[in-house]
Amino acid sequence: MKYGVVAFPSKKLQDLANSYRKRYDPHYALITPHMTLKGVFEANDSEIEELAKNISKVTNQHKPFKLQTTSISSFAPVTNAIYFKVIQSEELLKLHQDLHHESLGSKAEYAFVPHITIAQKMDSGEHDDIYAQLRMTGVDHEEIIDRLHLLYQLEDGSWTVYETFRLNGAEN
């Protein structure tokens, strides 16, 4: 089964992201707006129980962190995805690193760029038009994230919460 670890922002930021996603993101109906902290990985039933225990150990070592967005950016030309750029803090980077420790399976597949996707899977022309319109838009938002969610993918492609973990520890 496929799993991932994410942070869900507040309803206010989710509503803003969804105002774009419903038009520009084919995954709109499959998952709530989120910031991925551990990308998609495979695990069976016994493996996920052990991984969930290890995720809990990580979250017990980290305190809530600030999620701050200031602008809209793009991963082009690598991929035609547009996103709310999340300011990368030391706490966020350390949390991401700890979630990719060998006790949690795979290393990170990509360099960590904290973000909330608002548009993806567009052809280059559509991407360029939309990005030109959106990149001047400010996304000045700040909030505290106090929990992470281990998600799993259902047969229809949608994602749902397997377990929620509170960030209630002290930073390393």
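Rules used throughout
Residues numbered from 1 in each chain as written. Predicted model: local features only at pLDDT ≥ 70, side-chain atom pairs only at ≥ 80, totals over all residues. Heavy atoms only, no water. Pairing = 2+ DSSP bridges. Helix = DSSP H or I, 4+ residues; strand = E, 2+ residues; numbered from the N terminus. Axes fitted to C-alpha atoms, helices over the stretch in contact; angles between N-to-C directions. Contact = heavy atoms within 4.5 Å. Expected span 1.5 Å × (residues − 1). Buried < 20%, exposed > 50% of the residue type's maximum accessible area, 1.4 Å probe, protein only. 1 Å grid on protein atoms, 1.4 Å probe; cavity = no way out; pocket = protein on both sides within 12 Å on 5 of 7 lines; lining within 4 Å. Points joined across faces, edges and corners; volume = space filled by probe spheres on them. Nonpolar A, V, L, I, M, F, W, Y, C, P; charged D, E, K, R; others polar. Phe/Tyr/Trp six-rings, centres within 6.5 Å; stacked < 30°, edge-to-face > 60°. Lys NZ or Arg CZ within 6 Å of the ring centre and 35° of its normal.

Visitor: Could you give an account of the sheet that holds strand β7 (residues 147–153), with specific residues and numbers?
Guide: Judged by pairing direction, the sheet is antiparallel, and its four strands sit side by side in the order β2-β1-β7-β8 without closing on themselves. Sheet topology places β2 (35–42) and β8 (159–166) at the edges, where each strand pairs with a single neighbour. Each neighbouring strand pair of the sheet contributes to a mean axis angle of 20 degrees, computed without reference to strand direction. Here helix α2 (residues 45–59) sits on the sheet and contacts β1 (2–7), β2, β7 and β8; the angle it forms with β8, its principal contact strand, is near 40 degrees.

Visitor: Which residues make up the sheet that holds strand β3 (residues 65–74), and what values go with them?
Guide: Taken in spatial order, the four strands make up an open sheet running β5-β4-β3-β6, and their pairing is antiparallel. Two strands bound the open sheet, and with one partner strand each, they are β5 (115–119) and β6 (141–145). The mean angle between the axes of side-by-side strands here comes to 35 degrees, regardless of whether they run parallel or antiparallel. As paired strands, strand β4 (residues 82–86) and β5 are joined by four bridges and run antiparallel to one another. Directly across from Tyr83, in β5, lies its bridge partner Thr117. Against the sheet, helix α1 (residues 11–24) touches β3, β4, β5 and β6, its axis set at about 35 degrees to β5.

Visitor: Please provide a residue-by-residue account of α1, values included.
Guide: Note on helix geometry: an α-helix contains 3.6 residues per turn, so any two residues three or four positions apart are oriented the same way. Helix length check: α1 (14 residues) gives 19 Å between terminal C-alpha atoms against 20 Å at 1.5 Å per residue, within 8%. Those residues of α1 lying buried are Leu13, Gln14, Ala17, Asn18, Tyr20, Arg21 and Tyr24. In the core, the buried residues of α1 are packed alongside β3, β4, β5, α4 (124–134) and β6.

Visitor: Describe in detail the environment of Val139, supporting the description with residues and values.
Guide: For Val139, the position within the fold is in the loop between α4 and β6. Judged by its relative accessible area of 3%, Val139 is buried. A sequence separation of eleven residues divides Val139 from Asp128, and the C-alpha atoms of the two residues are 19 Å apart. Residues in contact with Val139, not counting those within four places in the same chain, are Leu13, Leu16, Thr69, Thr70, Ser71, Ile72 and Phe84.

Visitor: How would you summarise the layout of surface pockets if you had to cite specific residues and measurements?
Guide: Empty space within the largest pocket amounts to approximately 1400 Å³. Lining the largest pocket are 44 residues, with Thr36, Gly39, Val40, Tyr110 and His115 positioned closest to its centre. Only β1, β2, β5 and β7 provide two or more residues apiece to the lining of the largest pocket. The element contributing the most residues to the lining of the largest pocket is β2, with six residues. For the lining of the largest pocket, a count of residues per class yields 21 nonpolar, 16 polar and seven charged.

Visitor: A description of the packing of aromatic side chains should follow, citing residues and the corresponding values.
Guide: As enumerated under the stated definition, the model contains six aromatic pairs in all. Aromatic side chains Tyr3 and Tyr152 sit 6.4 Å apart centroid to centroid with 50 degrees between the ring planes, which places their arrangement in the tilted category. Taken together, the positions of Tyr3 in strand β1 and Tyr152 in strand β7 put the pair 149 residues apart, joining distant regions of the chain. What makes Tyr3 buried here is its relative accessible area of 1%. Judged by relative accessible area, Tyr152 falls into the partly exposed class, the value being 22%. An angle of 90 degrees between the planes, with centres 5.8 Å apart, marks the rings of Tyr3 and Tyr162 as edge-to-face. Here Tyr3, found in strand β1, pairs with Tyr162, found in strand β8; they are 159 residues apart in sequence, far enough to count as distant. On the accessibility criterion, Tyr162 (34% relative accessible area) is partly exposed. Within the aromatic cluster, the residues linked to one another by ring pairs are Tyr3, Phe41, Tyr152 and Tyr162. Directly above the aromatic system of Phe41 lies the positively charged group of Lys38, at a separation of 5.3 Å from the ring centroid.

Read these as layout, nothing more, since geometry by itself doesn't imply function.
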